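Each chain is listed here by its residues.
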Amino acid sequence: MHDHSSHASTTDPHSSHSEHQVEEHGHHGPMKATWGVAASATLHCLTGCAIGEVLGMVIATALGWHNLPSILLAVALAFVFGYALTLRGLSRAGLRWRTALRLALAADTLSILVMEIVDNGIMLIIPGAMDAGLASLLFWGALAFSLLVAFLVTTPINKWIIGRGKGHAVIHAYHH
């Protein structure tokens, strides 16, 4: 037999139980998958993606990189910033790092992946967008358009995921 008493929080005796419930059941009670909830979850992911995309493109342009390394850096940073925004909220809610990381990965991975495929795909198919440079209206217009389309494509996916008790439904209880 193992003694699990050392895992309990000394400040809140219910915090360990609460985290355990989330890990076992995925969320605290049912969450209605409305378009508003889905749009909010998608906007949350889009914020991290946009920060990563812009920072990646700025760094890649400053270094004179070509399309493939630019996109790889932007995608990597989109995931980093997307997860970081979720982790920040979960950390503020008092979750341990390991639990927060698992929840962030479960909540955001598919949403960020879809957004990155859509927005980078659009940037690649708009003639000259990737080569336009940071001072170009073409680049910024194409990026804004690609992020808008990514939002529109990802919102129904997030609605479906939330309706199944996955994605942002998993972390919803910690955002209030």
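Before reading on, note that the structure itself is shown above.
Heads up: these notes are all about the structure in this document. The shown structure was predicted, so the numbers you read here are calculated from the model rather than taken from an experiment.

## A short note on the side chain of N120
Tracing the chain through its elements places N120 in helix α4 (residues 97-125). The exposure class of N120 is buried, given its relative accessible area of 4%. Among the polar contacts made by the side chain of N120, one reaches the side chain of E53 at a distance of 3.1 Å. For N120, the side chain forms a polar contact with the side chain of D119, separated by 3.4 Å. In this view, N120 contacts E53, M57, I71 and V75; residues no more than four positions away in its chain are not counted.

## Regarding helix α2 (residues 35-62)
Compared with the 40 Å implied by 1.5 Å per residue over 28 residues, the 39 Å span of α2 between its first and last C-alpha is a close match. Restricting attention to buried positions, one finds in α2 the residues A38, A41, T42, C45, L46, G48, C49, G52, E53, G56, M57 and A60. For α2, the elements touching its buried residues are α3 (67-92), α4, α5 (137-163) and α6 (168-171). Note on α2: the residue one or two positions beyond its end, G64, has a positive phi of about 70 degrees.

## Thoughts on the environment of A50
As for its position among the elements, A50 is in helix α2. C-alpha of A50 to C-alpha of V75: the two residues are 25 residues apart in sequence and 9.9 Å apart in space.

## Here's the deal with the packing of aromatic side chains
Counting across every chain of the model gives 2 aromatic pairs. Ring geometry for F79 against Y83: centres 5.8 Å apart, planes inclined by 50 degrees, an arrangement best described as tilted. Residue F79 and its partner Y83 are located together in helix α3, separated by 4 residues, close to a single helical turn. Accessibility assignment for this pair places F79 and Y83 in one class, buried. Considering the side-chain rings of F139 and W140, the 5.0 Å spacing of their centres and the 85 degrees angle between planes classify their relative orientation as edge-to-face. Across the ring face of W35, the terminal group of K159 is positioned such that the distance to the ring centre comes to 5.0 Å.

Rules of the game
Here, residues in each chain are numbered from 1, in the same order as that chain's written sequence. Totals for whole chains, interfaces and linings use all residues, but because this is a predicted model, local features are given only for residues with pLDDT of at least 70 and pairs of side-chain atoms are given and counted only at 80 or more. Think of the side-chain values as coming from all heavy atoms in the structure, minus any hydrogens and water. Helix and strand assignments come from DSSP, with helices taken as H or I runs of at least 4 residues and strands as E runs of at least 2, each series counted from the N terminus. A 1.4 Å probe rolled over the protein chains alone gives each residue an accessible area, and that area as a share of the maximum for its type sets the label: buried under 20%, exposed over 50%, partly exposed in between. Here a polar contact is taken to be a pair of N or O atoms separated by no more than 3.5 Å, where protein atoms must pair a possible hydrogen donor with a possible acceptor and residues adjacent in sequence count only if both atoms sit in side chains. Any two residues whose heavy atoms approach within 4.5 Å are treated as being in contact. The length a helix should cover is 1.5 Å for every residue beyond the first. Any two rings among Phe, Tyr and Trp, with Trp reduced to its six-membered ring, count as a pair given centres within 6.5 Å; such a pair is stacked if its planes are under 30 degrees apart, edge-to-face if over 60, and tilted if neither. Working rule: Lys NZ or Arg CZ, within 6 Å of ring centre, within 35 degrees of ring normal, means a charge sits over the ring.

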